[in-house]
Amino acid sequence: MSFVIVVTRAIHPDALSLLNQHGTVRLWDQPHPIPRGVLQDWLKDADAALTMLTDRIDDGVLNDASSLRVVSNMAVGYDNLDLVALTHHGILATNTPDVLTEATAELTWALILALLRGLVPSREALLAGEWTSWSPDAFLGTEVSGKTLGIVGLGRIGLAVARRSPAFNVRAVALESGKAVPHASPFPRLPRREFLESADIVSLHVPLTASTRHLVNREWLDAMKSGSFLVNTARGAIVDELALKEALDSGKLAGAALDVFNEEPINGHHPLASHPRVLATPHIGSATYETRRQMALRAAGNLVTALSGKRPPDLLNGEAWPGRTQRFLNDG
Ligand code: DGY
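Computed from a predicted structure; not experimentally measured.

1. Concerning the sheet that holds strand β5 (residues 92–94)
Inference 1: Strands sit in the order β2-β1-β3-β4-β5 across an open sheet of 5 strands; the sheet is parallel. The open sheet has two edge strands with one neighbour each: β2 (23–27) and β5. Neighbour-to-neighbour, the strand axes of the sheet open up by a mean angle of 15 degrees, direction not taken into account.
Inference 2: Across 4 bridges, strand β3 (residues 48–51) lies against strand β4 (residues 70–73) in parallel orientation. Bridge pairing links A49 to V71 in β4.
Inference 3: Running at roughly 165 degrees to strand β1 (residues 3–7), helix α2 (residues 36–43) makes contact with β1, β2 and β3 of the sheet.

2. Some remarks on the domain arrangement of the chain
Inference 1: Parsing the chain into structural domains produces domain 1 (3–99 + 289–331) and domain 2 (101–280).
Inference 2: Each of domain 1 and domain 2 has a C-alpha centre, and these two points are 32 Å apart.
Inference 3: Residue-level contacts link 8 residues of domain 1 with 5 residues of domain 2.
Inference 4: Here domain 1 and domain 2 share an interface that buries about 580 Å² over both sides, 45% of which is from carbon and sulfur atoms.
Inference 5: Taken as a group, L53, D79 and D98 account for 62% of the area that domain 1 buries against domain 2, more than any other trio of residues on that side.
Inference 6: For the interface between domain 1 and domain 2, the tally reads 2 salt bridges.
Inference 7: Our count for the domain 1 to domain 2 interface comes out at 2 residue pairs in polar contact (both at pLDDT 80 or more).
Inference 8: For the side of domain 1 that touches domain 2, the class distribution of residues is 4 nonpolar, 2 polar and 2 charged.

3. A word on the pairing of strand β7 (residues 171–175)
Inference 1: Across the 5 residues of β7, 4 count as buried, placing the element largely inside the fold.
Inference 2: Summarising the sheet, strand β6 (residues 148–152) and β7 pair through 4 bridges and their orientation is parallel. Residue pairing for β7: I151 is matched across the bridge by A174.
Inference 3: You can see the chain leave β6, run along helix α7 (residues 156–163) and come back into β7, and the turn it takes is right-handed.
Inference 4: The pairing of β7 with strand β8 (residues 189–190) spans 2 bridges and is parallel. Each residue of the ladder has a partner; that of L175, found in β8, is L190.

4. Some thoughts on the side chain of D58
Inference 1: Examined against the element boundaries, D58 turns out to sit in the loop between β3 and α3 (59–62).
Inference 2: Exposure remark for D58: the relative accessible area of 15% places this residue in the buried category.
Inference 3: There is a polar contact of 2.6 Å between the side chain of D58 and the side chain of R36.
Inference 4: Beyond its immediate sequence surroundings of up to four residues, D58 is in contact with R36, D82 and A85.

5. Re a nonpolar patch on the surface
Inference 1: A cluster of nonpolar side chains, namely L126, L127, W131 and F139, defines an oily patch on the protein surface of about 460 Å² accessible area.
Inference 2: Tracing the sequence through the fold places W131 in the loop between α6 (119–127) and β6.
Inference 3: W131 gets classed as exposed once you look at its relative accessible area, which sits at 54%.

6. As for the site of the ligand
Inference 1: Looking at the ligand, the residues that line it are L53, A75, V76, G77, L100, R235, H283, S286 and M295.
Inference 2: Here an oxygen atom of the ligand sits 2.9 Å away from a polar atom, N or O, in the main chain of G77.
Inference 3: Here an oxygen atom of the ligand and a side-chain polar atom of R235 are 2.7 Å apart.
Inference 4: About the coverage of the ligand: the protein hides 91% of its 230 Å² of free accessible area.
Inference 5: Here the residues of the shell around the ligand are counted per class, giving 5 nonpolar, 3 polar and 1 charged.

Criteria and cut-off values
- Residues numbered from 1 in each chain as written.
- Predicted model: local features only at pLDDT ≥ 70, side-chain atom pairs only at ≥ 80, totals over all residues.
- Heavy atoms only, no water.
- Pairing = 2+ DSSP bridges.
- Helix = DSSP H or I, 4+ residues; strand = E, 2+ residues; numbered from the N terminus.
- Axes fitted to C-alpha atoms, helices over the stretch in contact; angles between N-to-C directions.
- Contact = heavy atoms within 4.5 Å.
- Domains from an automatic or database assignment.
- Buried area = accessible area lost by both parts, 1.4 Å probe.
- Salt bridge = Lys/Arg side-chain N within 4 Å of Asp/Glu carboxyl O.
- Polar contact = N/O pair within 3.5 Å; in protein donor to acceptor, adjacent residues only side chain to side chain.
- Nonpolar A, V, L, I, M, F, W, Y, C, P; charged D, E, K, R; others polar.
- Buried < 20%, exposed > 50% of the residue type's maximum accessible area, 1.4 Å probe, protein only.
- Right-handed = clockwise from strand over helix to strand, strands pointing away.
- Patch = residues over 30% accessible without salt bridge, like charges linked within 9 Å, V, L, I, M, F, W, Y side chains within 5 Å.
- Areas by Shrake-Rupley, 256 points an atom, 1.4 Å probe, with all protein chains shown as cover.
- Near = heavy atom within 4 Å.

Below, the structure is given as structure tokens:
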């Protein structure tokens, strides 16, 4: 039987060719996200969908998707998926863990180094003709060496960031989370107060959930060390952006590097992007050629595995597995 596979953005050709071997691919290849109404329409007779973090998958788009068996999200984060709705409809949901760990850890360190050493303002000054001579007090930044890096979320990405810290002579500590950690780690776990009092740089690596939304709020920012830095490569809504702006305005925080925002995309008019203490980038944590190919292949692999009736390796809603049979039995 030939499956209808919806793909909501142009992905790596190697992944598209894998999908083409398993069905008819309906590809949204525009440079902007698929409009919700079009997605809803395309899903009506689709068997599978490969989606992006920009696609909100909830009851609204699933109600008429009566043959849909799997939604394979090309991202490790899946806050765009309503797992309760997917499970309710008996649709499997998957993500792409592991393949973007190194790329995101690299970006985190690039942001830390660039933020503390003032790379972007230095370049802007040079381009503006403001580099008139070497001067003892020009373009000064903060030394990274000797600092303490506080990791919030010692999962795959948080651990990859922490593991790079000895190379920069930085001490990494993690926020105690109360959760069992699936790996042995040499990094001390500190209770919140001690963590925030000791970290010169706080880096966020938790998923966006109901309990992490606005985790970094006014109270959190007040408890951070004066003159410290915040780095967010996870999800924008983990931070209360208004409270962050106030902490930057007052100088309580020396700076923030933000790759993610509450509403995306943003432009230079956004109060944080245009803030002199902020280094803002357009959600590029996983944006390397190598990683985006791996993400696409991993997402395509999950989708194809599910269509073949097997349990996909990155299944998010195990509860939907028993209920899947209804849709999969339609094959016969
Ligand atoms: C993810 O996979 O969740 C990342 O945010 C994509 O860059």
